[in-house]
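# Breakdown of the fold
Listed below, chain by chain, are the residues.
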Amino acid sequence: MAAPTAAGDLRFLLVGALFVVVVGSRLWLADGGGGIPTTLDGPFAPVTRAFDRLLRQGSDDVPLSDPRLAPRARPRAPEQIALAASADATSVWVSWVTGAAQVGSNLTPLDPAAVRSEVWYGERPSPSPTAADVSGYPHVARGKAEVYSQLYPYPGLLNYTSGVIHHVRLRGLRPATRYYYRCGDSSIHGGAGLSGELSFETLPSAAPDAYPRRVAVVGDLGLTGNSTSTVEHLARNDPSLVVMVGDMTYANQYRTTGGRGVPCFSCSFPDAPLRESYQPRWDGWGRFMEPFTSRIPMMVIEGNHEIEPQGQGGSVTFASYLARFAVPSEESGSNTKFYYSFNAGGIHFIMLGAYVDYNRTGAQYSWLQKDLRKIDRRVTPWVVAAWHPPWYNSYSSHYQEFECMRQAMEGLLYQHGVDIVFSGHVHAYERMNRVFNYTLDPCGPVYITIGDGGNVEKIDIDHADDPGKCPGPGDNHPEFGGVCHLNFTSGPAKGKFCWEKQPEWSAFRESSFGHGILEMVNSTYALWTWHRNQDAYGEDSVGDQIYIVRQPDKCLLQTTIPLKEDALLR
């Protein structure tokens, strides 16, 4: 393993010595063979871990009759309780649902004004956390509530209207502090409108020496036997923050497929005018996740399975995503839940939307420019970006699908020294060498695809460089943004659409279900671990591990974009 390099002052040497002591006890892999590599040791020769194709099976959805998905709260009490971080450590969002959702025809939505949105909280447990009395909590915050509907003007497709969805923002909190809370409506007789007491710990303040304990990263989760295993393994790793890179419930493939995976909806239901989305699946997912999300903030970004078109011609989209999740959009200046940013200690997270306008003339690009310019790397040394579909992907599935987004935004992220990028969409794991514009670059981000949460669709196992598996420029159609495929101008794929072998920018790939854990050691070193949870490999085994190393003196804030990218931008 490459050691941290000295910067010429005693402080750096002391930090470097501390680094060796801190990580020394966890420096060796389970097989005893050598230390954990760092990105300074790269670029690495591409590696593909062979996959036993006999293991490529679908995974049935957990049925809504499962006790883990059934309503557990009293009829008027909160359920599906979830936390989300705000833009900084002094505030937190609390969300929950009350009342029963409805499925059928001629539905009458619930009145969100008929029930209060309250969170009672403090730094000490209540002396009576299960009673109706909330006087033991020194603070109360109030928020807003809403309902949404999923409506289909076609015979045979069932309409849906949600329970009341509440969002309350707690402000003025102390960073890195445990709080105890109850949410709901304290005016309902006998405490029937309140949750039991729960607790959470706020994130640390933005600072170069303060970081979340662990950040879990997961994508394309769904709610199958595989994905429940993923969540169980993730919970054992005890993160203090979860980043969910899209495609959460697969509600649009539940009821209509009978709970079993199919390659695509249209393959099995070609005559349906719209892909029906069975919205009660969202409620079941929220109940399953509640024991986890009610104590640990989960930050989400939309994926293609959240589009969920409804109305005549599918003109209304993302209704569930927009209603169910609280994110720090206004706090970060974006004014839309499709993209936003937040700080978690010394990490600045940027969550981008691939299914809204990302062109250089659009609002998202303008917001991204402003957000990047405001970052103070002396306070938040690490910048991590996330969105759903990957820009760098060597699997046949979704190959070069979002080239338009890459061409529009990659130069901006590179110029501002973004360190790590997480995406999903491809149902497999892949970690790239540092790359920029398909060229190895020591200052490019480390791109990681982690769409392997375990959803109802099968694992992706075919690579674009496998014989006969190149999808062709017309095969992978993005659901937003047009087609901007490029032929490669250099390397093994020169003049072609697909590479003939694993690309040099693809460092490691494996087709297994799992999740990732990011641990910041200090302002320059971060440990990334991918945990696979596929039964054939044993429970929660380490599938990939590397120290990602920042080189701020060499790479931070590229003041001029290389000529190859400048030509691309034109």
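This is a predicted model, so every value here is computed, not measured.

Next up on the list: the sheet that holds strand E9 (residues 159–161). Whenever strands of a sheet pair, they do so through backbone hydrogen bonds, lying parallel or antiparallel. Across the sheet, which stays open at both edges, the 3 strands sit in the order E4-E9-E8 with antiparallel pairing between neighbours. For this open sheet the edge positions go to strand E4 (102–104) and strand E8 (149–150), each flanked by a neighbour on one side alone.

Another point: the packing of aromatic side chains. The final tally for this structure, using the stated rule, is 30 aromatic pairs. Here the aromatic rings of Trp282 and Phe325 are separated by 5.9 Å at their centres, their planes lie at 70 degrees, and the arrangement is edge-to-face. In this pair, Trp282 is assigned in helix H4 (residues 280–293) and Phe325 in the loop between helix H5 (319–324) and strand E16 (340–344), connecting sequence segments 43 residues apart. Here the two residues Trp282 and Phe325 agree in accessibility, since each one is buried. Look at Phe318 and Tyr321: their rings are 6.4 Å apart centre to centre, the planes differ by 70 degrees, and that puts the pair in the edge-to-face class. Given a relative accessible area of 3%, Phe318 falls into the buried group. Exposure remark for Tyr321: the relative accessible area of 1% places this residue in the buried category. A cation over a ring is seen here: Arg550 above Trp382, with NZ or CZ 5.7 Å from the ring centre.

The next point concerns the nonpolar core. Ranked by internal contacts, the top residues of the largest apolar core, which has 107 residues, are Phe422 and Trp528. Among the elements that take part in this core, helix H7 (residues 403–415) stands out by supplying 6 residues, more than any other.

Rules and cut-offs
Residues numbered from 1 in each chain as written. Predicted model: local features only at pLDDT ≥ 70, side-chain atom pairs only at ≥ 80, totals over all residues. Heavy atoms only, no water. Pairing = 2+ DSSP bridges. Helix = DSSP H or I, 4+ residues; strand = E, 2+ residues; numbered from the N terminus. Phe/Tyr/Trp six-rings, centres within 6.5 Å; stacked < 30°, edge-to-face > 60°. Buried < 20%, exposed > 50% of the residue type's maximum accessible area, 1.4 Å probe, protein only. Lys NZ or Arg CZ within 6 Å of the ring centre and 35° of its normal. Core = buried A, V, L, I, M, F, W, Y, C linked by side-chain atoms within 4.5 Å.

Geometry only, nothing functional implied.
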